[in-house]
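Here's the letter readout for the chains.
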Amino acid sequence: MLRELRALPAPLGLRQPGLAPALPRHRLPADEARQRIGAVAELLGISALLERPVGQLSNGQRQRVALGRVLVRPARAFLLDEPLSHLDAKLRQQMRAELKAIGAVQHTTTLYVTHDSVEALALGDRIGVIRQGRIVQTGTREEIWYQPYDTEVARAFGRPRINLLPAVVTESGVRADGGVELPVRAQASPGTDVLVGLRPRDIALRGEGHELTGSVYVTEVLGRSVEVTVRLGTGEQRVSLVAPGPTRHAFGRTIPYGSRSGLRTCCCSRPTGRSDRDDG
C-alpha cells in the first residue's frame, strides 16, 4: 500500500534500508531479494540511486523510491492512495506514464485512488465513481465517457467540460434552445425534457457530420489548440469546442460547425446529479 508521499527516512542509502526493508518479513532468499530489488529499480529508473543518501534525492526520485518499496513486495494486489498528489504537473505526467508501464509489465491488480479525472482515464481499465461514500457508476473509460450515469459524472471527466444543452425529445431526435435540431436517439418519450451532452473535442469547426450554425462568442488561444465558444442558433445557449490552432474568428462571425464523425452525444434525463439507485 502506498499513501501520499510525505517523506522518506533519512539520510540512509536506498539499498539498505531503501527498498530492502519491504522484504524481510517475506523471508526471501538473499539472491532472490537482490534480483527483485534490481528488477524494480531498473523498472523505475532508480538503479543509479540505490546507494545515494535519501537527503540527496529530488521529490520525483523520492516518489519513485516510495513506489519501489511497495512494488518490490510479493503481492496479489496493490493499493495506491493518491500517490502523485504532492508532485508538480510535469512529474505527475511522468510518473503516470511509468505507472502505466509498470502495470503492463507486472500484471498485478491495482486499486488506484485519485481525485484527478485524467489519472483515472489514463490508468484505469475500469473506473468507479464515488460520491458521498457511494459508488455511483462503474465501467470502462469509454462507458464513463460516453454513457455517464448523470450530469455530475459527465462534468467530472474532460477538459473543457462537457456541453450540457437543455432540450426536448421529438419524434426525430431532440430540439435544443434556439431551435437547434439534433439527431439524437433519446431513450425517452417525445415531449420529455432532457439534457444533451456534447464533448468539446467531438465538435469541429469544419468537417463531415451533422452541421450546426452559430456565432463566435469568444476564443481562447492555448498554444497548439484554440477553445472556441459558440452561441447556438438564435438563442443564448453556448457550446465550447476545441479547434487546432492557430484559428482566428472574429467576435460575432457566423460559422458552420458540427461533429467530426457523426454526432457523439450522451442524453441524460437526470440533470440534478443525484443518485436514485438503491444499490451501493
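(A) Structural view of helix α3 (residues 59–71). Given a rise of 1.5 Å per residue, 13 residues ought to cover 18 Å, and the 18 Å separating the end C-alpha atoms of α3 matches this to within 8%. For α3, a buried count of 11 out of 13 residues is recorded, marking the element as mostly surrounded by other parts of the structure. By the burial criterion, the buried members of α3 are G60, Q61, R62, Q63, R64, V65, A66, L67, G68, V70 and L71.

(B) The pattern of salt bridges, seen in detail. Scanning all chains against the criterion turns up 4 salt bridges. Across the pair R131 and E152 runs a salt bridge whose closest N-O atoms are separated by 3.3 Å. Here R131, found in strand β3 (residues 127–131), pairs with E152, found in helix α7 (residues 151–156); they are 21 residues apart in sequence, far enough to count as distant. The class for R131 is buried, based on a relative accessible area of 18%. For E181, the salt bridge is made with R175, and the minimal N-O distance between the two is 2.7 Å.

(C) Representation of the pairing of strand β4 (residues 134–139) within the structure. The pairing of β3 with β4 spans 5 bridges and is classified as antiparallel. From the neighbouring strand, V129 faces β4, where its bridge partner is Q137.

(D) Molecular detail of the pairing of strand β10 (residues 211–222). In terms of strand pairing, β10 meets strand β11 (residues 225–232) through 8 bridges, oriented antiparallel. Among the inter-strand pairings, G214 is bridged to a residue of β11, identified as L232.

(E) Geometry of the packing of helix α2 (residues 30–44) against α3. Between α2 and α3, the least distance of the axes is 10 Å, while the angle of their chain directions is 140°. Relative to α3, α2 is oriented oblique. Considering how the two elements wind past one another, α2 and α3 form a crossing that is right-handed. Residues R36, V40 and L44 of α2 pack against R64, L67, G68 and L71 of α3. Considered class by class, the residues forming the contact of α2 with α3 number 4 nonpolar, 1 polar and 2 charged.

(F) The packing of aromatic side chains, seen in detail. Under the defined criterion, the tally for this structure stands at 0 aromatic pairs. Taking the ring centre of W145 as reference, the NZ or CZ of R199 above it sits at 3.9 Å. Above the plane of the ring of Y217 lies R238, whose end atom (NZ or CZ) is 3.7 Å from the centre.

(G) Expanded view of α2. With 15 residues, α2 extends 21 Å from end C-alpha to end C-alpha; this agrees with the ideal 21 Å at 1.5 Å per step. All of the buried residues in α2 are A33, I37, V40, A41 and L44. Down the axis of α2, the sector holding all buried residues measures 100°, keeping them to one side. Turned more than 90 degrees from where α2 packs its buried face, Q35 and E42 sit exposed. G45, located one to two residues past α2, shows a positive phi value of around 70°.

(H) Structural context of the environment of D193. You can see D193 is positioned in strand β8 (residues 193–198). Between the C-alpha atoms of D193 and A167, which are 26 residues apart in sequence, the distance is 5.9 Å.

Conventions and cut-offs
Residues numbered from 1 in each chain as written. Predicted model: local features only at pLDDT ≥ 70, side-chain atom pairs only at ≥ 80, totals over all residues. Heavy atoms only, no water. Helix = DSSP H or I, 4+ residues; strand = E, 2+ residues; numbered from the N terminus. Expected span 1.5 Å × (residues − 1). Buried < 20%, exposed > 50% of the residue type's maximum accessible area, 1.4 Å probe, protein only. Salt bridge = Lys/Arg side-chain N within 4 Å of Asp/Glu carboxyl O. Pairing = 2+ DSSP bridges. Axes fitted to C-alpha atoms, helices over the stretch in contact; angles between N-to-C directions. Parallel < 35°, antiparallel > 145°, perpendicular 65-115°, else oblique. Left-handed = near helix turned anticlockwise from the far one by under 90°. Contact = heavy atoms within 4.5 Å. Nonpolar A, V, L, I, M, F, W, Y, C, P; charged D, E, K, R; others polar. Phe/Tyr/Trp six-rings, centres within 6.5 Å; stacked < 30°, edge-to-face > 60°. Lys NZ or Arg CZ within 6 Å of the ring centre and 35° of its normal. Arc of directions from axis to C-beta.

Read these as spatial facts, not as claims about activity.
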